[in-house]
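The lines below spell out each chain.
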Amino acid sequence: MFAVELAQQPMSPSHMDHWLTDKSSLTLRLKALCRRFEVTLLGEWQQPAQQDGVGWCCGDPLWLREVLLCLDGVPWVYALTEIPLSTLNHTEVDFTALGNRPLGEVLFSHQQMRAGQLTVNHYDAHSRPAQLAAELGQAPNSPLWGRSRDFALAGKPLRVNEVFLPVAEQRLR
Ligand SMILES: C=C(O[C@@H]1C=C(C(=O)O)C=C[C@H]1O)C(=O)O
């Protein structure tokens, strides 16, 4: 049984491993690869947490921020940030006013930012990132890879989920 279970878990592409596990600012790393770095805000809204997170329970209200990170006009990363209202309403950072400013600039310059757990994830063809990639003309032919990173600002939690789109995976080979 153990062997079968191992066979079912896809392996992350080795050339992506350093990008998947790096704990520094992804914004800064991507900016170094392009002339023009832009955050495209896809949407932001409030909804109940669909599962427990670090510092919140399923059903707790979350503020969600969905973006694309674009390098020279090409979307490389899909990101969904989950911020419990208990964080949104009790830190001096106004996450709802960020707009197209990179979240990373705020996070990594905050005096009391603490980085928490990082989890590597993969996303199948039915996932939101994969369907968005297809809409962007980057039809994925294998799982997409990304990571979830927990952060705390003065002890207030949030989670950043980042998914590398097919173009990024190809260019980073
Ligand atoms: C957390 C960071 O911020 C980046 C910017 C984001 C945004 O503007 O919403 C989301 C994900 C990150 O890739 C980072 O740069 O590491």
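Residues numbered from 1 in each chain as written. Predicted model: local features only at pLDDT ≥ 70, side-chain atom pairs only at ≥ 80, totals over all residues. Heavy atoms only, no water.

Participant: Go over the site of the ligand with me, naming the residues and quoting the values.
Facilitator: Near the ligand lie 17 residues; those nearest to it are Leu26, Thr27, Arg65, Arg149 and Glu162. Between the ligand and Ser25 there is a distance of 2.9 Å, counted from an oxygen atom to a side-chain nitrogen or oxygen. A distance of 2.8 Å separates an oxygen atom of the ligand from a polar backbone atom of Leu26. Mapped onto the shell around the ligand, the elements with two or more residues apiece are helix H3 (26–31), strand E2 (61–71), helix H5 (103–107) and strand E6 (156–164). Counted by class, the shell around the ligand contains ten nonpolar, three polar and four charged residues. (Near = heavy atom within 4 Å. Polar contact = N/O pair within 3.5 Å; in protein donor to acceptor, adjacent residues only side chain to side chain. Helix = DSSP H or I, 4+ residues; strand = E, 2+ residues; numbered from the N terminus. Nonpolar A, V, L, I, M, F, W, Y, C, P; charged D, E, K, R; others polar.)

Participant: Lay out the packing of aromatic side chains with the relevant residues and their values.
Facilitator: Scanning the model with the defined rule gives two aromatic pairs in all. Geometrically, the ring pair formed by Trp19 and Phe164 is edge-to-face, given 6.3 Å between the ring centres and 75 degrees between the ring planes. Taken together, the positions of Trp19 in helix H2 (residues 17–21) and Phe164 in strand E6 put the pair 145 residues apart, joining distant regions of the chain. An identical accessibility class is assigned to Trp19 and Phe164; each is buried. Taken together, a centroid distance of 5.8 Å and an interplanar angle of 80 degrees make the contact between Phe108 and Phe151 edge-to-face. Of this pair, Phe108 sits in the loop between H5 and strand E4 (113–123) while Phe151 is found in strand E5 (residues 144–153), placing the two residues 43 residues apart along the sequence. Looking at Phe108, the relative accessible area reads 32%, which means it is partly exposed. Looking at Arg29, its charged tip hangs above the ring of Trp19, at a distance of 3.7 Å from the centre. (Phe/Tyr/Trp six-rings, centres within 6.5 Å; stacked < 30°, edge-to-face > 60°. Buried < 20%, exposed > 50% of the residue type's maximum accessible area, 1.4 Å probe, protein only. Lys NZ or Arg CZ within 6 Å of the ring centre and 35° of its normal.)

Participant: So, the nonpolar core: which residues are in play, and what are the values?
Facilitator: In terms of nonpolar packing, the biggest core is built from 19 residues, with Leu30, Leu69, Trp76 and Phe164 touching the most fellow members. Breaking this core down by element, the ones donating at least two residues are H2, H3, strand E1 (37–48), E2, strand E3 (74–84) and helix H7 (166–171). Ignoring anything within four residues of it in the chain, the contact list for Phe164 reads Met16, Trp19, Leu20, Leu26, Trp76, Val77, Leu144, Trp145, Gly146, Arg147 and Leu172. (Core = buried A, V, L, I, M, F, W, Y, C linked by side-chain atoms within 4.5 Å. Contact = heavy atoms within 4.5 Å.)

Participant: So, the sheet that holds E2: which residues are in play, and what are the values?
Facilitator: Spatial strand order, E1-E2-E3-E6-E5-E4: six strands in an open sheet with antiparallel pairing. The strands lining the two open edges of the sheet, one partner per strand, are E1 and E4. Here the strands of the sheet are splayed against their neighbours by 20 degrees on average, with no regard to which way each runs. In terms of strand pairing, E2 meets E3 through ten bridges, oriented antiparallel. Following the sheet pairing, Arg65 is matched in E3 by Thr81. (Pairing = 2+ DSSP bridges. Axes fitted to C-alpha atoms, helices over the stretch in contact; angles between N-to-C directions.)

Participant: Which residues make up unusual backbone geometry, and what values do they have?
Facilitator: Excluding glycine, residues mostly carry a negative phi; peptide bonds, for their part, are mostly trans. Although it is not a glycine, Asp72 sits at a positive phi angle of roughly 50 degrees. Summarising the element assignment, Asp72 is placed in the loop between E2 and E3. With phi around 50 degrees, Ala154 is a residue other than glycine that occupies positive phi space. Residue placement: Ala154 occurs in the loop between E5 and E6.

Participant: If you had to explain the environment of Leu98 to someone new, which residues and values would you point to?
Facilitator: Relative to the assigned elements, Leu98 resides in the loop between helix H4 (85–88) and H5. Setting aside anything within four residues of it in sequence, one finds Leu98 in contact with Arg65, Leu103 and Val106.

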